[in-house]
Amino acid sequence: MPEDGKRGDPARLQEVCAAFGLGALLGNERLGAGHIHATYALRVRGEGAGPRELVAQRLNEIVFPDLAPVMHNLERVAAHPGCRDWVAPLLHTPDGQSLVRDADGAAWRIFERIRGAVSYDSVDDDLAREAGRAFAAFSFGLADLPAPPLAEPLPGFHDTEA
């Protein structure tokens, strides 16, 4: 069954799960509208008590033609002690990769799903205020990230004329 807007293609997602050394895909659903990447909640067969809940993203290489700095930054931020409460753990393949390509060449990454986390396609003033507070706390946690600076995935994107 190909992608239908509510779910991703199970065959493609199972291929991605297999590349990460995960169990059988039990189900998936699209998360949010996705402004840049296509994001899916996954349920995979876990070891032990029940299914494992994960989040898979198919990365948009039109927006980010060079994924190396994107993934490098994510790895650094996720590993930084001040950010561990703010960044979902990133999964790695058995050979240590955090990014895989499916048979069509699309790039994928998988995170642990943060229990209770939700995404919003639109927000009101109160939710925007809370998002601002959360971003400030995340930025504070990142303030002591050791050198070198994070890579610039889209050189010049944030440059403005004086």
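Residues numbered from 1 in each chain as written. Predicted model: local features only at pLDDT ≥ 70, side-chain atom pairs only at ≥ 80, totals over all residues. Heavy atoms only, no water.

Asks: Mind laying out the sheet that holds strand β3 (residues 52-58), listing which residues take part and the relevant values?
Replies: Spatial ordering of the open sheet is given by β1-β2-β3-β5-β4, a layout of five strands whose pairing is antiparallel. What marks the edges here is a single partner per strand, and that holds for β1 (25-30) and β4 (100-101). Both strand β2 (residues 38-44) and β3 contribute to a ladder of seven bridges, which runs antiparallel. By the bridge assignment, Y40 is partnered in β3 with A56. Sheet strands touched by helix α1 (residues 10-19): β1, β2, β3, β4 and β5 (107-112). Its angle to β1, the strand with the most contacts, is close to 115°. (Pairing = 2+ DSSP bridges. Helix = DSSP H or I, 4+ residues; strand = E, 2+ residues; numbered from the N terminus. Contact = heavy atoms within 4.5 Å. Axes fitted to C-alpha atoms, helices over the stretch in contact; angles between N-to-C directions.)

Asks: Can you explain the pattern of salt bridges? Please cite residues and give values.
Replies: A complete count under the given rule lists six salt bridges for this structure. Among the ionic pairs, D102 bridges to R12, the shortest N-O distance being 3.0 Å. Of this pair, D102 sits in the loop between β4 and β5 while R12 sits in helix α1, and the two are 90 residues apart along the sequence. Looking at D102, the relative accessible area reads 6%, which means it is buried. A salt bridge links E61 to R101, with the nearest nitrogen and oxygen atoms 2.8 Å apart. Pair noted here: E61 is in the loop between β3 and α2 (67-79) and R101 is in strand β4, with a separation of 40 residues, a long-range link. Overall, the relative accessible area of 45% leaves R101 in the partly exposed class. Through salt bridges with shared partners, a single network forms among R12, D102 and D104. (Salt bridge = Lys/Arg side-chain N within 4 Å of Asp/Glu carboxyl O. Buried < 20%, exposed > 50% of the residue type's maximum accessible area, 1.4 Å probe, protein only.)

Asks: Which residues make up the nonpolar core, and what are the values?
Replies: Soluble globular proteins tend to pack their nonpolar side chains together in the buried interior. Formed by 19 residues in total, the largest nonpolar core has its most connected members in L74, V77, C83, V87, F111, F138 and L142. Those elements that place two or more of their residues in this core are α2, β5 and α3 (125-142). Per-element tally for this core: the top contributor is α2, with five residues. Apart from residues lying up to four places away in sequence, L74 is in contact with V87, L90, R109 and F111. Formed by 17 residues, the second largest nonpolar core is a distinct cluster that contains F20, L25, A38 and L42. (Core = buried A, V, L, I, M, F, W, Y, C linked by side-chain atoms within 4.5 Å.)

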